[in-house]
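Results of the structural survey
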Amino acid sequence: MNQNLAEKALKLKEEINSLPEVIELERLNKLLNENEDVMRLCYKKDVCATKYEDAVKYFGLQSDEAINAQKELYQAKLELDNHDLVKASNEQYKKVRKIYDKINEELFNPFN
């Protein structure tokens, strides 16, 4: 039975990976990782996140340093999220997420 279940799981994985929505998401993710502008914005966001974490750690959540760092992090995240390629990827991710939710519902609702 375990072999049969493993074969079915592998077949399901292959079918999911062949869906146009999943293929498009993979294509967009590849483009994201190759795009210098997106990488710069990711780096900026990561630097701001570290700065914020450090400010909270050393000065406290309500300190001016933490509040200012939080504003910088918000701006950096906003810039990243507003990049056209990131927007496209996020929209495609939502489509794929719906597919996974439906699969999850079909597979596991009978056990609830």
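Check the entry above for the structure.
Residues numbered from 1 in each chain as written. Predicted model: local features only at pLDDT ≥ 70, side-chain atom pairs only at ≥ 80, totals over all residues. Heavy atoms only, no water.

**A few points about the overall build of the protein chain**
Note the cut-off: Labels follow the DSSP assignment, with helices taken as runs of H or I lasting at least four residues and strands as runs of E lasting at least two, numbered in each case from the N terminus. Throughout, exposure labels follow a simple rule: accessible area from a 1.4 Å probe, protein chains only, divided by the maximum for the residue type, with under 20% read as buried, over 50% as exposed, and the rest as partly exposed. The contact criterion used throughout is that any non-hydrogen atoms of two residues lie within 4.5 Å. Values of accessible area rely on a 1.4 Å probe in the Shrake-Rupley scheme; residue burial ignores everything except the protein chains shown. When charges are counted, Lys and Arg are positive and Asp and Glu negative, with His and the chain ends excluded. Lys charges are placed at NZ, Arg charges at CZ, Asp charges at CG and Glu charges at CD.
Counting its secondary structure elements, the protein chain contains five helices and zero strands. In the protein chain, the succession of helices and strands from N to C terminus is α-α-α-α-α. If you line up the protein chain on its principal axes, its C-alpha atoms span 60 × 35 × 20 Å. Burial analysis of the protein chain (112 residues in total) assigns 21% to the buried set. Partitioning the contacts of the protein chain with sequence separation of at least 6, the portion at a separation of at least 24 is 65%. With the model as given, the accessible surface of the protein chain reaches about 8700 Å², and the carbon-plus-sulfur share is 55%. Considering the protein chain, the positive charge centre built from 18 side chains and the negative charge centre built from 22 side chains are found 2 Å apart.

**With respect to helix H5 (residues 84-108)**
Cut-off, in case you're wondering: To estimate the expected span of a helix, count its residues, drop one, and scale the result by 1.5 Å.
With 25 residues, H5 extends 36 Å from end C-alpha to end C-alpha; this agrees with the ideal 36 Å at 1.5 Å per step. Residues of H5 that are buried: Leu85, Val86, Ser89, Gln92 and Val96. As for H5, its buried residues are in contact with helix H2 (20-34), helix H3 (36-59) and helix H4 (64-81).

**Thoughts on the side chain of histidine 83**
Structurally, the position occupied by histidine 83 is in the loop between H4 and H5. For histidine 83, the contacting residues outside a window of four places in its chain are Asn35, Asp37, Val38 and Leu41.

**Description of H3**
Compared with the 34 Å implied by 1.5 Å per residue over 24 residues, the 34 Å span of H3 between its first and last C-alpha is a close match. Taken together, the buried positions of H3 are Val38, Leu41, Cys48, Ala49, Tyr52 and Ala55. Where H3 is buried, its residues contact H2, H4 and H5.

Without other data, these values stay purely geometric and don't point to any function.
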